[in-house]
Amino acid sequence: MPATVVLGTQWGDEGKGKFTDLLASDVDFVVRYQGGHNAGHTIVIGEDRFALQLVPTGILNSHVIPVIGNGVVIDPKVLLDEVEVLSSRGVDTSRLIISGAAHLIMPYHQELDRLTERYLGKNKLGTTKRGIGPAYADKASRIGIRVQDLLDEKIFSQKLEVVLKEKNQILAKVYNRLPLDESKILSDYFDVYAPKLAPMISDTVGILHRAYKKGQEILLEGAQATFLDLDHGTYPFVTSSNPTAGGACTGSGLGPRQIDRVIGVAKAYLTRVGAGPFPTELEGDVADLLVERGFEFGTNTGRKRRTGWFDLVLLRQAVALNSVSEIAITKLDILDVFPEILVATQYEVDGERTSDLPYHQSDFHKARPVYKSFEGWMEDLTKVTTKEELPYNARTYLSFLEEQLEVPITLVGTGPERDQFVSFR
Ligand code: GDP
Ligand code: IMO
Ligand code: MG
């Protein structure tokens, strides 16, 4: 069976975790294809709330094989801690497999992420300080250490020796820091992490291709989102991987013709964590109410998220960049108490209106949204489970988005719980 991608169409935290979990009930594999523990995917099952960082959401479905693909960067300590916490909560983690080609986040990556942010001062990006950027930079510079290197101590220590020499020079001479101790890193990675991770390390590309040939269902779980994409996002205020649909191929090893469904997840309003342009950003009471009702705080970092109105200029671009075949709208219920709901349909840049995303960064920074106003429904949606039960004004809002995006909306989230959604199929 062709594979499905679930990805974020905005600036992250759209609710990818919730819908991936929902769709995982019908698949055999759930694959994370990029990012690392900068992600925080929340799944609420009754009284239980899971905030997954590195482990694919499929772990919560007992028949699914969760796969960490080659495109992911892995902090082994974080992964092992996450697995341990999940196991202690009764989740079977024995099915988890990790690509040997994925790169490792090393202690110097985290340290350099923190230091670079400090060095940038008011120009900082607001990264999650997890070492993501520096790890991907080493991958591109071909000095990264890979998961498979954990299976060969000689190779691992040779690579570490070379790379640490350079990193320690940078730490000392640029940032005036103490050097990192090579033997401590070796003993952590070899004596502690390698024995525990070794049984999980596999040829995930081969496994996925064999599964595909057998007709098994594969779901590719995006982290971050389209406008945090290294190539297509609001550079430099982006992450260092490709969350867009092309990244699902490079980060899993599946080819583009093996994917036939791309579900773009979009929050019914907008949020963003960290720095960067945000044309529909709100301030004041409306922003505060969105933060309060939507509980808009980072799943892992706890940072307050910036909020704004839904932006069709961004979404049209996201649909195009990812070949989105259907849209899943989340958190519609958060808008239940707003008498007026705005949607940006165009931008105004230097007095000119445009429906397209300005390609030049300076124009994007100057873009002012042109809004269309909708009357709110002022009703509780959290118990609505069918399209017919949705209030007229909510259906009008969704129909407008669908018409503008020229892609069907197939799922609508009406609460954080697994069963709080409306299926439009
Ligand atoms: P992700 O990173 O895209 O998986 O999203 P996060 O988990 O970081 O943030 C989404 C938040 O919204 C989580 O707390 C979810 O439990 C919650 N959520 C997801 N869908 C809905 C929904 O339809 N309604 C409400 N009220 N909350 C939702
Ligand atoms: P999920 O998968 C929201 C943001 C950071 C920062 C920028 C770069 O939960 O949607 P990084 O640490 O990746 O180098 O930070 O990207 N960011 C996210 N924002 N959701 C995420 O993941 C994010 N992962 C990174 O806040 O602005
Ligand atoms: Mg998140």
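Our subject in this report is the structure included herewith. Residues take numbers from 1 onward in each chain, read along the sequence in its written order. Whichever chain is written first becomes A and whichever ligand is written first becomes 1, with later ones labelled in order. Whole-chain, interface and lining totals are the exception, using all residues; otherwise, since this is a predicted model, local features are given only for residues with pLDDT of at least 70 and side-chain atom pairs are given and counted only at 80 or more. To obtain the side-chain values, all non-hydrogen atoms of the structure were included, while hydrogens and water were left out.

1. Side note on the coordination of the magnesium ion (ligand 3)
Ligating atoms shown are N, O and S within 2.8 Å of the metal, or 3.2 Å for Na, K and Ca, and water is not included, meaning a site may look less than complete. Binding of the magnesium ion (ligand 3) to the protein goes through Asp13 (OD) and Gly40 (O), at separations of 2.0 to 2.2 Å. Highlighted residues: Asp13 in the loop between strand E1 (3-8) and helix H1 (16-24) and Gly40 in the loop between strand E2 (29-32) and strand E3 (41-45), separated in sequence by 27 residues. Residue class for Gly40 comes out buried when judged on its relative accessible area of 11%. Where helices and strands are cited, they refer to DSSP runs of H or I of at least four residues and of E of at least two residues respectively, numbered from the N terminus. Burial here depends on accessible area, computed with a 1.4 Å probe over protein chains only, as a share of the maximum for the residue type. Under 20% is buried, over 50% is exposed, and the range in between is partly exposed.

2. Here we look at the site of ligand 2
Looking at ligand 2, there are 20 residues lining it, with Lys16, His41, Thr128, Gln224 and Thr239 nearest. Pairs of N or O atoms within 3.5 Å make up the polar contacts considered here, provided that, within protein, one atom can donate a hydrogen while the other can accept it, and that residues adjacent in sequence are counted only when both atoms are side-chain atoms. Between ligand 2 and Lys16 there is a distance of 2.7 Å, counted from an oxygen atom to a side-chain nitrogen or oxygen. Asn38 has a polar side-chain atom sitting 2.9 Å from an oxygen atom of ligand 2. Within the complex, the protein chains bury 97% of what would otherwise be the 550 Å² of accessible surface of ligand 2. Using a grid of 1 Å spacing that covers the protein atoms alone, one calls a set of points a cavity when a 1.4 Å probe fits there but cannot get out, and a pocket when the set is open and has protein on both sides within 12 Å along at least five of seven lines; lining residues are those with an atom within 4 Å of a point. Here the criterion for a molecule occupying a pocket or cavity is that more than half of its atoms lie within 2 Å of the pocket grid points. More than half of the atoms belonging to ligand 2 lie within 2 Å of the grid points that define the largest pocket. Neighbouring residues are identified by heavy atoms, a residue being near a molecule or strand if any of them is within 4 Å of it. Surface accessibility in these figures is a Shrake-Rupley result with a 1.4 Å probe; residues are shielded only by whichever protein chains are displayed.

3. As for the packing of aromatic side chains
Think of it this way: a Phe, Tyr or Trp ring, Trp meaning its six-membered ring, pairs with another when their centres are within 6.5 Å, and the plane angle makes it stacked under 30 degrees, edge-to-face over 60, tilted otherwise. The tally for this structure, following the rule as stated, stands at 12 aromatic pairs. With 5.1 Å between their ring centres and 50° between their planes, Phe374 and Phe400 make a pair best called tilted. Of the two residues, Phe374 is situated in strand E18 (residues 368-375) and Phe400 in helix H12 (residues 392-405); the sequence distance between them amounts to 26 residues. Among the residues examined, Phe374 registers a relative accessible area of 7% and is labelled buried. Phe400 gets classed as buried once you look at its relative accessible area, which sits at 11%. One aromatic cluster is present, built from ring pairs that chain together Phe156, Tyr189, Phe190 and Tyr193.

4. Re the site of ligand 1
Near ligand 1 there are 20 residues, and of these Gly15, Lys16, Gly17, Thr42 and Asp333 occur at the shortest range. In the model, a nitrogen atom of ligand 1 is placed 2.7 Å from a nitrogen or oxygen of the Asp333 side chain. Taking 580 Å² as the accessible area of ligand 1 by itself, protein coverage stands at 93%. Judged by its atoms lying within 2 Å of the grid points, ligand 1 is housed in the second largest pocket.

5. Considering the layout of surface pockets
To find leftover empty space, one rolls a probe the size of a water molecule over the atoms. Grid points are joined across faces, edges and corners, and a volume is the space filled by probe spheres set on the points. The computed volume of the largest pocket comes to approximately 890 Å³. Along the wall of the largest pocket there are 43 residues; nearest its centre are Thr127, Thr128, Val238, Thr239 and Ser240. Counting only elements with at least two residues in the lining of the largest pocket, the list comes to helix H3 (107-120) and helix H4 (132-141). Here the lining of the largest pocket gets six residues from one element, more than from any other, and that element is H4. Across the lining of the largest pocket, the residue classes break down as 17 nonpolar, 18 polar and eight charged. Looking at the second largest pocket, its volume works out to about 570 Å³. Lining the second largest pocket we find 27 residues, and of these Thr42, Gly294, Arg305, Lys331 and Pro416 sit closest to its centre. Of all elements in the fold, only H1, E3 and helix H9 (285-294) reach the threshold of two or more residues within the lining of the second largest pocket. In terms of residues, the lining of the second largest pocket owes the most to one element, H1, which gives four residues. Asp, Glu, Lys and Arg are counted as charged, while Ala, Val, Leu, Ile, Met, Phe, Trp, Tyr, Cys and Pro are counted as nonpolar; the rest, among them Gly, fall into the polar class. The residue inventory of the lining of the second largest pocket, partitioned by class, reads six nonpolar, 12 polar and nine charged.

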